[in-house]
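Single-letter residue listing:
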Amino acid sequence: MSLTKRRVMSGMRPTGPLHLGHLVGVLTQWETYSENDDAFFEIADLHAYTTEFANPSMVRDAREAMVAVWLAAGVDPQRSTIFLQSGVPEIAELQALLSMITPVSWLERAPTYKGQIEALGANIATYGFLGYPLLQLCDIAVVRGQYVPVGRDQVAHLELGREIVRRFNHLYGEGREILVEPQPTLSEFPEVPGIDGRKMSKSYGNAILISDDEDTTTTKVRAMITDPLKVRRGDPGRPEICPVFALWRFVNPLRLDAIAAECRSGALGCVQDKSDFAEQLNAYLRPVRERYAQYCRDPETLRRVIAEGTARTREIAAQTLRDVKHAMKLIP
Ligand code: TRP
């Protein structure tokens, strides 16, 4: 690994099966980072527990299935590091140390905190959930991550993390940068709609899963909403408001202009379009699904990839913790 490669770090919570939105929105980028950068990808199981603390078996099962999709999508475990958050206890130790200098008011101000409590109910308002952005910073800081590819909703967490790093370096650094201020790299990716037209999300029940078989996929595509004013073939349609059209972009961008023209003129009906799309979507997903099934049949390989990456991450994290404790005068 060359010394000039930048260190990229990102994570995903194992809270359920991955879907088309993860694949085209996040994992195609992770594949590129794994090829070009010194990239760390984290199974954020502790973050999963902030909301799923009552479902430990679900989180446990989701861990390896999630990594199977990462690898199937092309994330290269030879050139990048895949690790388990709870397998790196230095992250939790750093969180305890940094909690001393993290004002509660900063955490309460995170837009996700109040928003998620409104969405999911007050029973997730735990100490751990309040500390979610601090834990996220610790994930990044233990490996000295410089660039953090995240979605727009995570930028506030990164900003909070940068403030904590600045405060730490100011208090204990004696003019030196002990912890690295991480930069978000915003993934400008168009939103991937689900079969009901809302953002594709497991919790909305509108997702096309990597683990779905082809018949299930076809059934879901047939149930997709389209332009409600286009009732039958011959009626002019509006591709710009149609979620099937939005998904075509990922599956066959070369056909977009032709489909838009035929939809607008009325020559192409929604039933035909969805049947064409289901076929092409299944063809697009087939190699990923085949590799996913292979990894699922080979849990030994998954476990080895995770164990090796976690051991490697621990070595780096231990050095960071030594530097932090030394700066805090906890150790000589
Ligand atoms: N909070 C992130 C999300 O929900 C997941 C995550 C956990 C993460 N730790 C991270 C992302 C560290 C980037 C870096 O998407």
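Above this text sits the structure in question.
Let us look at the structure shown here. (Residues numbered from 1 in each chain as written. Predicted model: local features only at pLDDT ≥ 70, side-chain atom pairs only at ≥ 80, totals over all residues. Heavy atoms only, no water.)

A word on the packing of aromatic side chains. Taken as a whole, this structure holds seven aromatic pairs when the rule is applied. With a centroid separation of 6.5 Å and 70° between ring planes, the pair formed by F40 and F83 is classed as edge-to-face. Placement of the pair is F40 in strand β2 (residues 38-43) and F83 in strand β3 (residues 81-84), with a sequence separation of 43 residues. A network of ring pairs unites the aromatic residues W30, F41 and W70 as a single cluster. Here R198 stacks its cationic end above the ring of Y204, 4.0 Å away from the centre of that ring. (Phe/Tyr/Trp six-rings, centres within 6.5 Å; stacked < 30°, edge-to-face > 60°. Helix = DSSP H or I, 4+ residues; strand = E, 2+ residues; numbered from the N terminus. Lys NZ or Arg CZ within 6 Å of the ring centre and 35° of its normal.)

Another aspect to go through is empty space enclosed by the protein. Here the structure, examined in full by the defined rule, presents one cavity of 30 Å³ or more. Of the pockets and cavities examined, the largest cavity occupies roughly 110 Å³. Elements represented by at least two residues in the lining of the largest cavity include exactly α11 (243-251), α12 (256-265) and α13 (270-296). Residues of the lining of the largest cavity, tallied by class, amount to nine nonpolar, three polar and four charged. (1 Å grid on protein atoms, 1.4 Å probe; cavity = no way out; pocket = protein on both sides within 12 Å on 5 of 7 lines; lining within 4 Å. Points joined across faces, edges and corners; volume = space filled by probe spheres on them. Nonpolar A, V, L, I, M, F, W, Y, C, P; charged D, E, K, R; others polar.)

Turning to the pattern of salt bridges, a few remarks are in order. All chains considered together, the criterion is met by 19 salt bridges. With a closest N to O distance of 2.9 Å, R6 and D37 form a salt bridge. Taken together, the residues R6 in the segment before β1 (7-12) and D37 in the loop between α1 (20-36) and β2 connect sequence positions 31 residues apart. In this structure, the salt-bridge partner of R162 is E181, at a minimum N-O distance of 3.4 Å. Taken together, the residues R162 in helix α9 (residues 155-172) and E181 in the loop between α9 and β5 (183-186) connect sequence positions 19 residues apart. E181 sits in the partly exposed class, given a relative accessible area of 24%. (Salt bridge = Lys/Arg side-chain N within 4 Å of Asp/Glu carboxyl O. Buried < 20%, exposed > 50% of the residue type's maximum accessible area, 1.4 Å probe, protein only.)

Another aspect to go through is α13. At R286, α13 shows its largest bend, some 45°, and a proline, P287, comes one to four positions later. What α13 keeps buried is the set C270, D273, K274, F277, A278, L281, N282, L285, V288, R289 and Y292. Buried residues in α13 make contact with α1, α3 (56-72), α10 (214-222), α11 and α12. (Bend = angle between axes of the 7 residues up to and from the residue. Contact = heavy atoms within 4.5 Å.)

The next thing to look at is the packing of helix α4 (residues 89-99) against helix α14 (residues 299-327). For any two helices packed against each other, one specifies the inter-axial angle together with the distance between the axes. Close contact between α4 and α14 brings their axes to 9 Å; oriented N to C, the two are set at 20°. Relative to α14, α4 is oriented roughly parallel. α14 is crossed by α4, and the crossing has left-handed handedness. Contact with α4, carried on its side by P89, E90, E93, L94 and L97, involves R314, A317, A318, L321, V324 and K325 of α14 and no other residues of that element. When grouped by side-chain class, the residues that make up the contact of α4 with α14 number seven nonpolar, no polar and four charged. (Axes fitted to C-alpha atoms, helices over the stretch in contact; angles between N-to-C directions. Parallel < 35°, antiparallel > 145°, perpendicular 65-115°, else oblique. Left-handed = near helix turned anticlockwise from the far one by under 90°.)

Here the focus is the nonpolar core. W70 and I82 are the most contacted members of the largest nonpolar core, which totals 52 residues. Looking at this core, you find at least three residues from each of domain 1 (7-192 + 299-327) and domain 2 (212-293). Counting 41 residues, the second largest nonpolar core, distinct from the first, contains V88, L97, I124 and Y132. (Core = buried A, V, L, I, M, F, W, Y, C linked by side-chain atoms within 4.5 Å. Domains from an automatic or database assignment.)

Here we come to helix α8 (residues 132-142). Here α8 lies mainly inside the structure; eleven of its eleven residues are buried. Following α8 by one or two positions, R144 adopts a phi angle in the positive range, close to 55°.

Looking at the ligand, there are 13 residues lining it, with E42, Y132, Q136, D139 and Q154 nearest. Contact between the ligand and Q136: a nitrogen atom at 3.3 Å from a side-chain N or O atom of the residue. Measuring from a nitrogen atom of the ligand, one finds a side-chain N or O atom of D139 at 2.8 Å. Of all elements in the fold, only β1, α8 and β4 (147-150) reach the threshold of two or more residues within the shell around the ligand. By residue number, the principal contributor to the shell around the ligand is α8, which donates four residues. For the shell around the ligand, the class distribution of residues is six nonpolar, five polar and two charged. (Near = heavy atom within 4 Å. Polar contact = N/O pair within 3.5 Å; in protein donor to acceptor, adjacent residues only side chain to side chain.)

Note that every value here comes from positions in space, so none of it alone points to a role or purpose.
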